[in-house]
Amino acid sequence: AQPAVPPSPSSSRQEEFSRCCTPTSTAPVSRMLSSSRFDAEEEDSAASLPVMLDCFKELQDCVRNVCTELETIDPSLCSEVTKPVLVQKRWAKLKGELWDKKHNNWDVSKLPEIYDAVKFDLTHHPRLAASFVPLYQVANRINNVIIPNEYGWDQRSRVKIGSVVCGRLMRKLLIDMSNTVSVEPQAE
């Protein structure tokens, strides 16, 4: 029999990260990402905090690296459609918004935006920055855990979130429809 191969450090780290974000955890992800106001309700939640913080710090470092690399974009690497200034501004904006200074915690809502932006840049102009690849790897790792739970992690939470979102949309549609019906055509 062959000896068991221990898991690689990256896979065990991914498992640990996944475990802290699974629906069984009682602490919401957003509270877990607060560096100064985390009140652990369980030992398990408190133990997962460093993993979450490490992952978001790694993401922040990668975004910083992309911004630094994009400061010296060679316009010849851009397609005719791509404006280097817009790419720089987009990443500078994401870098500034990842850490919410007002609430002193990570803004988890920026993760899908970062993930989409790096995926777009890798698809449409991968030669702009070599640091897009490590950023994509980090964003993808976090994205695979957090995003599936974005609209709730169980049936009840998904229904509640969906009803809030759809309720607003339905009210707007009803108002728009009633405004359209109540407006009488003007005589020419």
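The structure we're discussing is the one just above.
Residues numbered from 1 in each chain as written. Predicted model: local features only at pLDDT ≥ 70, side-chain atom pairs only at ≥ 80, totals over all residues. Heavy atoms only, no water.

A. Looking closely at the packing of aromatic side chains. All chains considered together, the criterion is met by four aromatic pairs. Ring geometry for F56 and W106: centres 5.9 Å apart, planes at 45°, overall tilted. Of this pair, F56 sits in helix α3 (residues 43-70) while W106 sits in strand β2 (residues 105-106); the two residues are 50 residues apart in sequence, bridging distant segments of the chain. For the residue pair F56 and W106, the accessibility class agrees, reading buried in each case. Ring geometry for W99 and W106: centres 4.9 Å apart, planes at 80°, overall edge-to-face. An aromatic cluster is built from F56, W99 and W106, whose rings are joined through pairwise contacts. (Phe/Tyr/Trp six-rings, centres within 6.5 Å; stacked < 30°, edge-to-face > 60°. Helix = DSSP H or I, 4+ residues; strand = E, 2+ residues; numbered from the N terminus. Buried < 20%, exposed > 50% of the residue type's maximum accessible area, 1.4 Å probe, protein only.)

B. Inspection of the environment of T82 at higher detail. Tracing the backbone through its elements, the reader meets T82 in the loop between α3 and α4 (84-98). When the C-alpha atoms of T82 and H124 are compared, they prove to be 8.8 Å apart, with 42 residues separating the residues in sequence. With sequence-adjacent residues up to four places away left out, T82 is seen in contact with V87 and H125. (Contact = heavy atoms within 4.5 Å.)

C. Structural detail: a nonpolar patch on the surface. A surface patch of nonpolar side chains, amounting to about 400 Å² of accessible area, comprises L169, M170, L173 and M177. With respect to the helices and strands, the residue M170 is situated in helix α7 (residues 155-182). Assessed through its relative accessible area of 47%, M170 is described here as partly exposed. (Patch = residues over 30% accessible without salt bridge, like charges linked within 9 Å, V, L, I, M, F, W, Y side chains within 5 Å. Areas by Shrake-Rupley, 256 points an atom, 1.4 Å probe, with all protein chains shown as cover. Salt bridge = Lys/Arg side-chain N within 4 Å of Asp/Glu carboxyl O.)

D. Molecular detail of the nonpolar core. Ranked by internal contacts, the top residues of the largest apolar core, which has 32 residues, are L59, L70, W91, I114 and L135. At the level of elements, α3, α4, α5 (110-124) and α6 (132-146) are the ones that each hand at least two residues to this core. Examining the composition of this core, we find that eleven residues originate from one element, α3, more than from any other. (Core = buried A, V, L, I, M, F, W, Y, C linked by side-chain atoms within 4.5 Å.)

E. View of the pattern of salt bridges. Enumeration over the complete set of coordinates arrives at eight salt bridges. Salt-bridge contacts for E113 lead to K93; the nearest nitrogen and oxygen are separated by 3.6 Å. Of this pair, E113 sits in helix α5 while K93 sits in helix α4, and the two are 20 residues apart along the sequence. A salt bridge links E97 to K110, with the shortest nitrogen-to-oxygen separation between them at 3.0 Å. Of the two residues, E97 is situated in helix α4 and K110 in helix α5; the sequence distance between them amounts to 13 residues. In this structure E97 comes out as partly exposed when scored by relative accessible area, which is 26%.

F. Fine view of α6. In this model α6 runs 20 Å from its N-terminal to its C-terminal C-alpha over 15 residues, within 8% of the 21 Å that 1.5 Å per residue would give. Residues of α6 that are buried: F132, L135, V138, A139, I142, N143, V145 and I146. Angularly, the buried residues of α6 cover 165° about the axis, an arc narrow enough to put them on a single face. (Expected span 1.5 Å × (residues − 1). Arc of directions from axis to C-beta.)

G. Molecular detail of the side chain of S157. Within the element layout of this structure, S157 appears in helix α7. Judged by relative accessible area, which is 18%, S157 ranks as buried. A polar contact of 2.7 Å, which involves the side chain of S157, links it to the side chain of D154. Setting aside residues no more than four positions away along its own chain, S157 makes contact with Y151 and G152. (Polar contact = N/O pair within 3.5 Å; in protein donor to acceptor, adjacent residues only side chain to side chain.)

Note that all results are geometric; they support no functional claim without further evidence.
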